[in-house]
There are 4 protein chains.
Amino acid sequence: MKMPKKICAVITARPSYSRIKSALYAIEHHPDLQLQLVVAGSALLDRYGETINIIEADGFKVDEKVFMVLEGENKMAMAKTTGLGVIELANAFFNLRPDAVITIADRYETIATSIAASYQSIPLIHIQGGEVTGNIDEKVRHANTKFADLHLVASEEGRQRVIKLGEEASKVVNTGCPSIDLARKVYDHPSLGFDPFKKYGGVGSLKNVEESNYLVVLQHPETTTSGKSRFQIEQTLEAVFDLGIPTLWFWPNIDAGSDEVSGGIRSFREQYNPSNIHFFKNMEPEDFLRLINNSSCFIGNSSTGIRECSFLGVPVVNIGNRQYRRQRGLNVMDVDYNKEDIIRAINQQINKKYSQQFIYGNGDSGERIANEIAKFDFSFHKTIRY
Amino acid sequence: MKMPKKICAVITARPSYSRIKSALYAIEHHPDLQLQLVVAGSALLDRYGETINIIEADGFKVDEKVFMVLEGENKMAMAKTTGLGVIELANAFFNLRPDAVITIADRYETIATSIAASYQSIPLIHIQGGEVTGNIDEKVRHANTKFADLHLVASEEGRQRVIKLGEEASKVVNTGCPSIDLARKVYDHPSLGFDPFKKYGGVGSLKNVEESNYLVVLQHPETTTSGKSRFQIEQTLEAVFDLGIPTLWFWPNIDAGSDEVSGGIRSFREQYNPSNIHFFKNMEPEDFLRLINNSSCFIGNSSTGIRECSFLGVPVVNIGNRQYRRQRGLNVMDVDYNKEDIIRAINQQINKKYSQQFIYGNGDSGERIANEIAKFDFSFHKTIRY
Amino acid sequence: MKMPKKICAVITARPSYSRIKSALYAIEHHPDLQLQLVVAGSALLDRYGETINIIEADGFKVDEKVFMVLEGENKMAMAKTTGLGVIELANAFFNLRPDAVITIADRYETIATSIAASYQSIPLIHIQGGEVTGNIDEKVRHANTKFADLHLVASEEGRQRVIKLGEEASKVVNTGCPSIDLARKVYDHPSLGFDPFKKYGGVGSLKNVEESNYLVVLQHPETTTSGKSRFQIEQTLEAVFDLGIPTLWFWPNIDAGSDEVSGGIRSFREQYNPSNIHFFKNMEPEDFLRLINNSSCFIGNSSTGIRECSFLGVPVVNIGNRQYRRQRGLNVMDVDYNKEDIIRAINQQINKKYSQQFIYGNGDSGERIANEIAKFDFSFHKTIRY
Amino acid sequence: MKMPKKICAVITARPSYSRIKSALYAIEHHPDLQLQLVVAGSALLDRYGETINIIEADGFKVDEKVFMVLEGENKMAMAKTTGLGVIELANAFFNLRPDAVITIADRYETIATSIAASYQSIPLIHIQGGEVTGNIDEKVRHANTKFADLHLVASEEGRQRVIKLGEEASKVVNTGCPSIDLARKVYDHPSLGFDPFKKYGGVGSLKNVEESNYLVVLQHPETTTSGKSRFQIEQTLEAVFDLGIPTLWFWPNIDAGSDEVSGGIRSFREQYNPSNIHFFKNMEPEDFLRLINNSSCFIGNSSTGIRECSFLGVPVVNIGNRQYRRQRGLNVMDVDYNKEDIIRAINQQINKKYSQQFIYGNGDSGERIANEIAKFDFSFHKTIRY
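Residues numbered from 1 in each chain as written. Chains lettered and ligands numbered in written order. Predicted model: local features only at pLDDT ≥ 70, side-chain atom pairs only at ≥ 80, totals over all residues. Heavy atoms only, no water.

### Comments concerning the interface of chain A and chain C
Contact residues are listed per partner, giving 19 residues for chain A and 19 residues for chain C. For the pair chain A and chain C, the two sides together bury roughly 1,600 Å², of which 54% comes from carbon and sulfur. It is Phe67(A), Leu70(A) and Glu71(A) in chain A that bury the most area against chain C; as a group they hold 37% of the surface buried on that side. In this structure, Glu88(C) engages Lys80(A) in a salt bridge whose closest nitrogen and oxygen atoms are separated by 2.7 Å. Linking chain A with chain C are 6 residue pairs in polar contact (both at pLDDT 80 or more). Counting residues per element, the ones that place at least two in the side of chain A that touches chain C are helix H3 (75–96) and helix H10 (258–272) of chain A. Among the elements that take part in the side of chain A that touches chain C, H3(A) stands out by supplying 4 residues, more than any other. Along the lines of polarity and charge, the residues of the side of chain A that touches chain C split into 10 nonpolar, 2 polar and 7 charged. (Contact = heavy atoms within 4.5 Å. Buried area = accessible area lost by both parts, 1.4 Å probe. Salt bridge = Lys/Arg side-chain N within 4 Å of Asp/Glu carboxyl O. Polar contact = N/O pair within 3.5 Å; in protein donor to acceptor, adjacent residues only side chain to side chain. Helix = DSSP H or I, 4+ residues; strand = E, 2+ residues; numbered from the N terminus. Nonpolar A, V, L, I, M, F, W, Y, C, P; charged D, E, K, R; others polar.)

Following this line, the structure appears as structure tokens:
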């Protein structure tokens, strides 16, 4: 009998989990694979909504918890968090002895996973390489690619780019993005099925919303324009406040600049007490998607606007450069951090209908990832293609 | 008046220093640049020959010393050393506030420099990218490329490869390798000018050598075949012992497996007390090169055999895969870790003469590096070319 | 000419600075001493009010900034912050090469200062040893004593206890507490001289207070009863809310449990919007003391209630065990974390007058500390007295 | 049914293991206790003889391996190793969730165990507190005492001293030293039973020794006189070389200065090739003790000379200050680091006979330790006695 291969996924933040959840499920249920789960970084921290609770509530067993986030939320803290992450994750992999490690996407601390695995000669699987954005994530993502032995990318454009980066074509597979798997489930059964105010509380005087008649906002700081995050969030806050449309607003995840964003939101709230906006700290990914799917427009700079929303056909107002050069569908309207532009774009989008687009897969990505991993010949050493 | 730009070079090991020395000198003397020097890792450690003493004796001022090497010389220690390096170097850069940071080549800990600089938005200059080897260094080198904003490569082949990796051609310059600058000085004035036994002591019964009638050996562990380093060093020890030719043998630098190599040398010495071999711990780079230039053959797996020796025209027996796919001259004969093959190759090479080759530049690389840095427009953010 | 001795003080949190400020000033101006200042930990962090800004505004030059606080504010984070602190402070001392290092009091991360100094054979001066509290601080404080070479304690009781702990009597000096120096200044010139609402903003609908007719509250989490901090802060919030007396409330400093305290305050505010309470994030120590000096009662579990208030003669309601067994004056009334008890105690205290007590010195402690350090014979090695 | 209490012992170096082995065995076999074992620091490193192999060969299961030793063997490395140890051990305890942690004696890194346990509110048991030496160990040992909740000391003198340090008498128990348990086994069955040269190899031309007609030497660097270790080891080397008596010499364990000691031994060996000395890297503790028990004198500065040798009645020449003020028996002759004095002392001692002394217990210490732990009421919070 063949021993199942131990595949260790490292989740370091809320969005990473949403993007990989269906793949985790597929790995766990694949006969030739055994899932090991490391939850680390901000996914463990209360003030970012403790993703770990959601993970465990979803029925996953967490093998190691790795506390590594250094206070400061500045550039210095990003570097030190990553350094500490390398040290801590080296321990985790040493204890778990996985046959391969999965690192996800491009957040700054994901390079810690790549280093800790590679320097112990553990084959590395990178999910969502080959994309283009335009800030420090860009550097991290492609560096992850250079450490990885198997590349499971989310789009054909991504596949082409990873190959151009010198990787062997046979080790680069477009599996689509697992985030679309959840989007498909939501698309197939679109009814909301829960009251967000009752289930998640949140803060604000808004007490309910009507289907297809509300906005959803999620806006993160931009690493490349650190120092301007406060101004940027205020533009969107003022735009949405002026429009007066009922709005569900989500706190950003941790990053250099997220204190600025939080501070901006808090001050705005205290000053204007906006009656059309309700603020939520965190939500189960599926509930979050259902809310977007039933909204009239999704606003901000989250990759959800680019990926899931193209599959769902939800109108999106994408602000600023955070999603710069990411392959997008017709449903996305790009604007700058400018109150007037944002108002104009929302007004245009809320009356539009878009059909489904399959840029990031058609909803079976988790299974495809598990299958690719199962059939991968786990060699560690690679060389450049040219 | 324009303030000179502060350029911070990080030296983590003996070979990094040799490779960058002439560039450090040129930066220090360039009117538009100010040199900052961080000495870290094994360059500070006594049992690797304290490179820092050589650096200071050369007249350089060291701005920060960063102790970061974790004991173990195993894969775990490589990861943790790198993690600690990120933390420590983040402090160093925070204190020095350089306008750009230089990371050199591809040793595992060089990625720590790249991360610590990039996450603080300090532009990164990578020296010697675009080469190909075939082990963990390969992954680290190209990951460094993905973090770097300016690429100063050592050969045309390297330049082509970095551009293929997606970097903008305008930011990739073939400056040649600074190690050749020293080789040129040695080539122009080839007389030895010192007695290695008197100047450096070392261990062994050999008391002197005749010009052009001795071998020089430097053999490092191979990271990809960790666990075989002892066997590998013994093949070379036995070959050189059998040949009976006077030989100057150098201890390897720190790496996973270097304990095995050291142990192998020590045991061999205690068992056979080889009268034709003298062992040296470390040497000033120029003295080291002069010894090679005056030898009849250079043996092992050091990159010196590939680079400096092609310029000097010294015959080389290159063993194993450590220099796999690195661009090499006609002077190099490749063999496997096998006593008989090594003996045969040495016997062939010691009677050969080779002319100069300029694959890695013609000896003005340091100045060219300083000039390229001085005229570089220090932008931090980059995006992929395609 | 004699070189002045370099004395390096490490400030890791807001209260440490208040407690040492006058000594820093005296060291800086002492002809035989040269002050070196390391600011570390939460003293650098925005969400704890960036003590460093106050320090620099006071005219001190900061030699090193040490980021070391790990996110989590749980017990795990306390340990890791301390570990990281040892690593980082070792660098700082290596760079600064002080003749002696000052560690202050008993916060968990102060042991990092003790270790980093002692292991580099730098003599250690401990300020405020020999006191008794009753939680993890107790262990840390006495461990600091065992590392220290010179003990400058704040009260006669403290002096006796440090000697009992085995330290040589000649190296234990009661200098009084430097926090009293500031209290003396405030006592001598008691007029408030500023409008706290205008100068510091803060949050809340209260717009002004009348002299001697308001309360000041500062309540930290208790490390020993972690998990109950939320309940504990709510008791005080409810008591003060019920009383309806105008109140100036200060956020707690960082510690395991401070998230619970902050969360409790935030929720209470959002639920009750208490019109008699105004919340301040941070304040210059002198302004803070003036506010207390002009208040009718100081409430909470801060050591300010025990120390400065005994000198000022301000009535204090001290809640819970955080100040357990600390030597206190007649002005302190102790109660449990219980709304009714707190209300009763406040009602009693606001009508009382107390005279000055000199338990923690008479206001020249900073100078006495500088003088003791200047005349100390800096030997590093010590042995136990018995 | 009552769950057994999980007791986690941390072994960081060879001597710690010898000192605790019989207690580990007794804990493992106690019905109310469950042993958890963390092996860390130099106990994992090849060049210090990999104590972990001995531990596993003894049948113990190792629950966590913690790599934490920073290269350098200087004072800086001691601090950073300790800092890293705090971080890494915090993880280990978080994963193992012990009911109590055991920290052993006074090496610099043992404080890392104390901090990592205490800051997670895990009760701490300190073995071998209350002794007096006279260097940095002195500070570390008493600091460990101040963190500990239960003190299991090795002698009556130790018990008195820990109580004087302010600890509650009821929590300080003289269990004797577990190292004596092994000594008792050796004393009861004194025959050597193995050939050290065959079993352990080692280096040197000496091929055998006669019972009661050889010396055993073990000399560590002294932390307080760092920089003089080379001179100190040379005095002993010259003395023993001059005497010409067959000698078994052991390498020192890791510490600031151990490179100096090793270098001194290596140079001496290469220069004089002493025919009467054989050098061993490491040995199972029992074999080591048997060799001492059958020797005519034990020389150096190891605590084995003070403890086990007093029970065995072996003559000891104790050199220097490393064992300063440790309670010793009549069998110990103290000398300075001076060749002539050492020769004179050895000549006197080799003709002496001493009877058994029970200063450090009578050989049932392991069991007594397990029993004390089993009946201890595991409360975490303590306060000072006076």
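From this point, the narrative continues.
### A word on the confidence of the model for chain A
Per-residue pLDDT for chain A has a mean of 92; in total, 97% of the residues score no lower than 70. Here the complex is predicted with pTM 0.82, and the ipTM for its interfaces comes to 0.85. (pLDDT = per-residue confidence, 0-100.)

### What to know about the relation of the copies chain A and chain C
Of the transformation placing chain A onto chain C, the axial shift is 0.1 Å and the rotation is 180 degrees, giving an RMSD of 0.1 Å. When the rotation and shift are considered jointly, the pair of chain copies conforms to a two-fold rotation axis. Minimal C-alpha separation from the rotation axis in chain A is found for Leu70(A), amounting to 2.0 Å. (Least-squares fit on C-alpha atoms with pLDDT ≥ 70 in both.)

### Thoughts on the relation of the copies chain D and chain C
Between the two copies, chain D and chain C, the superposition gives an RMSD of 0.0 Å; the rotation angle is 180 degrees and the shift along the axis is 0.0 Å. Both copies share a contact surface, since 100% of the interface residues of chain D are interface residues in chain C too.

### With respect to the sheet that holds strand S8 (residues 215–218) of chain B
All names here are of chain B. Read across the sheet, 6 strands follow the order S10-S9-S8-S11-S12-S13 without closing on themselves; strand pairing throughout is parallel. Since the sheet does not close on itself, it has two edges, and those belong to strand S10 (277–280) and strand S13 (332–335), each with one partner. Strand-to-strand twist across the sheet, computed as the mean angle between neighbouring axes with direction ignored, equals 20 degrees. Both S8 and strand S9 (residues 247–250) contribute to a ladder of 4 bridges, which runs parallel. Looking at the pairing, valine 217 lines up with tryptophan 249 of S9. Helix H11 (residues 285–293) rests against S8, S9 and strand S11 (297–300) of the sheet, and its axis sits at about 130 degrees to S8. (Pairing = 2+ DSSP bridges. Axes fitted to C-alpha atoms, helices over the stretch in contact; angles between N-to-C directions.)

### Here we look at the packing of aromatic side chains
On inspection of all chains with the given rule, the structure shows 64 aromatic pairs over all chains. On the basis of an interplanar angle of 50 degrees and a centroid distance of 5.5 Å, the ring pair of Phe241(C) and Tyr272(C) is categorised as tilted. Within this pair, whereas Phe241(C) is found in helix H9 (residues 229–243), its partner Tyr272(C) is found in helix H10 (residues 258–272), the two being separated by 31 residues in sequence. For Phe241(C), a relative accessible area of 28% puts it in the partly exposed group. Through successive ring pairs, a cluster of aromatic residues spans Phe197(A), Phe250(A), Phe280(A), Phe288(A) and Phe298(A). Sitting over the ring of Phe94(D), Arg97(D) keeps its end group 4.8 Å from the ring centre. The ring of Phe194(D) is capped by Lys199(D), whose NZ or CZ atom sits 5.3 Å from the centre of that ring. (Phe/Tyr/Trp six-rings, centres within 6.5 Å; stacked < 30°, edge-to-face > 60°. Buried < 20%, exposed > 50% of the residue type's maximum accessible area, 1.4 Å probe, protein only. Lys NZ or Arg CZ within 6 Å of the ring centre and 35° of its normal.)

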